[in-house]
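As a plain string of letters, each chain reads:
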Amino acid sequence: MDLDLIVVGGGPVGAALARAVRGLAVALVAAERRASPGVPYEGFDARVYALSPGNVRFLEGLGAMPSAQATPVHEMRVHGDDGSRIEFDAYRAGVPELGWVVEDRLLQDALWHGLDAEIGVPASLEIGSEQAVVGLAGGRQLTAKLVAGADGARSFVRQHAGIEARQKDYGQSALVANFACERGHAHTAYQWFQRGPVLALLPLRGRHVAMVWSLPAADAGRIGALAPEALCREVEAATHGVLGQLSLVTAPRSYPLSRLSARRMIGPRVALAGDAAHVIHPLAGQGLNLGLQDARALARVLAQRGPLRDPGDVRLLRRYERARAEPILAMDAMVDGLHALFGTQNRLAARLRNAGLNLTDRIPVLKNLLIRQALH
């Protein structure tokens, strides 16, 4: 069967895009089922996402937001490395919440509910003037007018479409784990800049938090190998005991951090979305938000194309690329700049960055502007 769109990649961005596209013949290609809808889920997932309100509304529109098990964020407290801080408050900003924290497994279950997929590994991509053909390992072939690569930083689609990407290794790993905490988190997200490392605690259901600690790779390995009690004491010390005594709920895991930027988001009969197009440092928690915004923008462009227009028309795809260029560039530059600013040991830079946090905290208009930008 000839298709209008093949989405390669079964993660949150690919699954969301496959659900969001209306009125087209779509196939989702994934190496494996990324979730088990309907299977009772207990415990916690160490991998979590902080979703913006705009993306929560998008997922709700798809019927794929696990709202009952997600945790709203009402406040955020960001600490510099010299006593400086800035606080964001949803009530004072006039919004219901600053964002929502949801576990990966819960989000995958919601996105995959009722979603059909071709389970297989892409082995070839042939792009012609009228169509593109994705060959799967085992010999099956799928033909479509457009192929969307939402298949991660090592994107098969990006590489086989000949789209170059710039990549930089941060020399850090993100250490993630979940904890039960002595004191309630009051729906507050915390973050500490530590002259290079960045530690965040995100609220979860009940008296639980998710930790994301970006550290030099060697330190992440050392801390991740600690016994549970020792790990809890290490995190308590790093967070100044803000939530009291901690108890480990999920074993720590780590993954390397890098920055990636594709030179183009489109090619002949190809569009990229999510980590296939851009990977940023997790210090702002915006990686998945950017990817879901990609899915929203591409689905919108395809919906507005007109009933007879080819979904793979490069002029149509340029609308998508233009729509995403500025938001991605701005977020990438901000996150990379913050990482560099708070990572430098220069004393003048240290004074400036901490003074900047304190000053921004005292200017309500500027704080509200930052909040509004984060709501999309």
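Going by the structure above, here's the rest.
Here the structure is a predicted model, which means the values were calculated and not measured.

1. Comments concerning the packing of aromatic side chains
In step 1: According to the stated counting rule, one finds one aromatic pair in the structure shown.
In step 2: Across from the ring centre of Y255, 5.8 Å away, lies the NZ or CZ of R47, which sits over that ring.
In step 3: For R205, the ring lying beneath its charged end belongs to F44, and the centroid distance is 4.4 Å.

2. Quick notes on the packing of helix α8 (residues 287-303) against helix α9 (residues 314-343)
In step 1: Closest axis-to-axis distance for the α8/α9 pair is 9 Å, and the angle between their directions is 155 degrees. By the angle class used here, α8 and α9 are roughly antiparallel. At the point where α8 passes α9, the crossing takes the right-handed sense. Across the interface between the two elements, L290, Q293, D294, A297, L298, V301 and L302 from α8 touch L316, R319, Y320, R324, P327, I328 and M331 from α9.
In step 2: Among the residues making up the contact of α8 with α9, the classes are represented as ten nonpolar, one polar and three charged.

3. Remarks on the packing of helix α1 (residues 12-20) against helix α4 (residues 104-112)
In step 1: Two numbers describe how α1 lies on α4: the axes approach to 9 Å, and their chain directions differ by 25 degrees. One finds that α1 runs roughly parallel with respect to α4. Here α1 runs over α4; the crossing is left-handed. On α4, the residues that touch P12, A15, A16 and R19 of α1 are D104, L107, Q108, A110, L111 and W112.

4. Regarding the sheet that holds strand β13 (residues 188-193)
In step 1: Taken together, the eight strands give an open sheet; going across it, the order is β6-β5-β13-β14-β15-β12-β16-β19, and neighbouring strands pair in mixed fashion. Bordering the open sheet on either side are β6 (85-89) and β19 (278-279), each of which pairs with just one other strand.
In step 2: Looking at chain direction, strand β12 (residues 165-181) and strand β16 (residues 246-262) are connected through 14 bridges and run antiparallel. Counterpart to L175 in the pairing with β16 is S254.
In step 3: Strands in contact with helix α6 (residues 217-224) are β12, β15 (208-216) and β16; relative to β15, the strand with the most contacts, it is inclined by about 140 degrees.
In step 4: Relative to β16, helix α7 (residues 228-238) is tilted by about 65 degrees, and along the sheet it contacts β12, β13, β14 (198-204), β15 and β16.

How each quantity is defined
- Residues numbered from 1 in each chain as written.
- Predicted model: local features only at pLDDT ≥ 70, side-chain atom pairs only at ≥ 80, totals over all residues.
- Heavy atoms only, no water.
- Phe/Tyr/Trp six-rings, centres within 6.5 Å; stacked < 30°, edge-to-face > 60°.
- Lys NZ or Arg CZ within 6 Å of the ring centre and 35° of its normal.
- Axes fitted to C-alpha atoms, helices over the stretch in contact; angles between N-to-C directions.
- Helix = DSSP H or I, 4+ residues; strand = E, 2+ residues; numbered from the N terminus.
- Parallel < 35°, antiparallel > 145°, perpendicular 65-115°, else oblique.
- Left-handed = near helix turned anticlockwise from the far one by under 90°.
- Contact = heavy atoms within 4.5 Å.
- Nonpolar A, V, L, I, M, F, W, Y, C, P; charged D, E, K, R; others polar.
- Pairing = 2+ DSSP bridges.

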